[in-house]
Amino acid sequence: MGERKTWADKREEIMSRPGAGAAYEAARIRFELGEAVRLRREQLGLTQAQLAERTGLKQPAVARFEAGGTMPTIPMLERLAEALEMRLSVQFQPLREAS
C-alpha cells in the first residue's frame, strides 16, 4: 500500500492536470452564484417553491442551482434577479484583482 498524501498534495496533483483549473473556476462560479441566490431567497423569507413560481422554474431546478449544480444563462440570472428584487450586474475584472 502506498503512502498517504495530504489534502494539499492531492489538490496540487489534481490541479496540475490539463483543464483542472478551468473546471475548478467554473465550479467556484456555480457555487458562489447558488449561494448568493439562496442567501437572498432566505432574506426575503421565500421557499424554493415560491422562488420557482416567481421565475417560471420548477422547485428542483432552484434546488440544483442553489447547490451549484447548474451554470445559468444570462436570461436565467435576469429572471432570478427580478424574482429576488435585485438588479443583475455582470462585470469583467482583471485576474490580478479578482479574489
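You'll find the structure just up there.
Counting of residues starts from 1 at the beginning of each chain's written sequence and follows it residue by residue. Totals for whole chains, interfaces and linings use all residues, but because this is a predicted model, local features are given only for residues with pLDDT of at least 70 and pairs of side-chain atoms are given and counted only at 80 or more. With hydrogens and water excluded, all non-hydrogen atoms of the structure serve as input to the side-chain values.

**Student:** Explain unusual backbone geometry to me, please; I cannot follow it from the model alone.
**Tutor:** Only a minority of non-glycine residues have a phi that is not negative, and only a minority of peptide bonds are not trans. At Glu85, a position not held by glycine, the phi torsion is positive, near 60 degrees. What counts as a helix is a DSSP run of H or I of at least four residues, what counts as a strand is a run of E of at least two, and both are numbered from the N terminus. If you trace the backbone, Glu85 turns up in the segment after α5 (74–83). Residue burial is assigned from relative accessible area. The probe radius is 1.4 Å, only protein chains are included, and a residue is buried under 20% of its type maximum, exposed over 50%, and partly exposed in between. Since its relative accessible area comes to 53%, Glu85 is described here as exposed.

**Student:** What is the right way to read the pattern of salt bridges from this model?
**Tutor:** Oppositely charged side chains can pair when the atoms bearing their charge come close. Criterion for a salt bridge: a side-chain nitrogen of Lys or Arg within 4 Å of a carboxyl oxygen of Asp or Glu. Summed over the entire model, instances satisfying the criterion amount to seven salt bridges. Here Glu13 ties to Lys5 by a salt bridge, and the two come within 2.2 Å at their closest N and O atoms. Between Arg28 and Glu25 there is a salt bridge; the shortest N-O distance is 2.3 Å. One end of the pair is Arg28 and the other is Glu25, both in helix α2 (residues 20–43) and three residues apart, which spans about a single turn. Arg28 sits in the partly exposed class, given a relative accessible area of 24%.

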